[in-house]
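Secondary and tertiary structure notes
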Amino acid sequence: NEAQREAAAQALAKKVNNTTIQVAQRVAQDDELFGSVGTKEIVAALAKAGIAVDGKQVHLTDRIRKLGRYAIEVSLHKTVKIT
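So, here is what we can say about the structure in this document. All chains use their own residue numbering, which begins from 1 and follows the written sequence. With pLDDT at 70 or above as the cut-off, local features in this predicted model cover only qualifying residues; side-chain atom pairs require 80 or more to be listed or tallied, and sums for whole chains, interfaces and linings still use all residues. Side-chain numbers come from the whole structure's heavy atoms, not from hydrogens or water.

Let's talk about the pattern of salt bridges
By salt bridge we mean one thing: a side-chain nitrogen of Lys or Arg within 4 Å of a carboxyl oxygen of Asp or Glu. The final tally for this structure, using the stated rule, is 3 salt bridges. Measuring nitrogen to oxygen at the nearest pair gives 2.5 Å for the salt bridge that ties Arg 5 to Glu 2. A residue pair is termed a helical-turn pair when its members lie 3 or 4 positions apart in one helix, as Arg 5 and Glu 2 do in helix H1 (residues 2-16) at 3 residues. Runs of E in the DSSP output that reach at least two residues are strands. Runs of H or I that reach at least four are helices, and both are numbered from the N terminus.

And the structure:
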């Protein structure tokens, strides 16, 4: 059973590794966001791209508060991680 979950996670990882998503957010000043982007918004954007993950699988060190590109690690299985 554990091997099946790991194999499914590896198959999904090959399909979606290095996928780019965009999260629309209002900008306050310069490149500062009006509010911030957190795990909930990232999970919603991934779901919109056809990637179903749980919020606990997204490893975000701090909420995103500026415009830019960010690499975020998603743990599909304890041995399978994608960025």
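Some words on the pairing of strand S4 (residues 73-77)
On a regular strand, each side chain points to the face opposite its neighbour's, so the side chains alternate between the two faces of the sheet. With respect to burial, S4 is a largely interior element, 4 of its 5 residues being buried. For two strands to pair, DSSP has to find at least two bridges joining them. Sheet topology places strand S2 (residues 58-59) next to S4; 2 bridges connect them, and they run antiparallel. Of the residues in S4, the one forming a bridge with Val 58 is Val 74. As paired strands, S4 and strand S5 (residues 80-82) are joined by 3 bridges and run antiparallel to one another. Note that in S5 the partner of Val 74 across the bridge is Ile 82. Note on exposure labels: buried denotes an accessible area under 20% of the residue type's maximum, exposed denotes more than 50%, and partly exposed covers the range between, all computed with a 1.4 Å probe on protein chains only.

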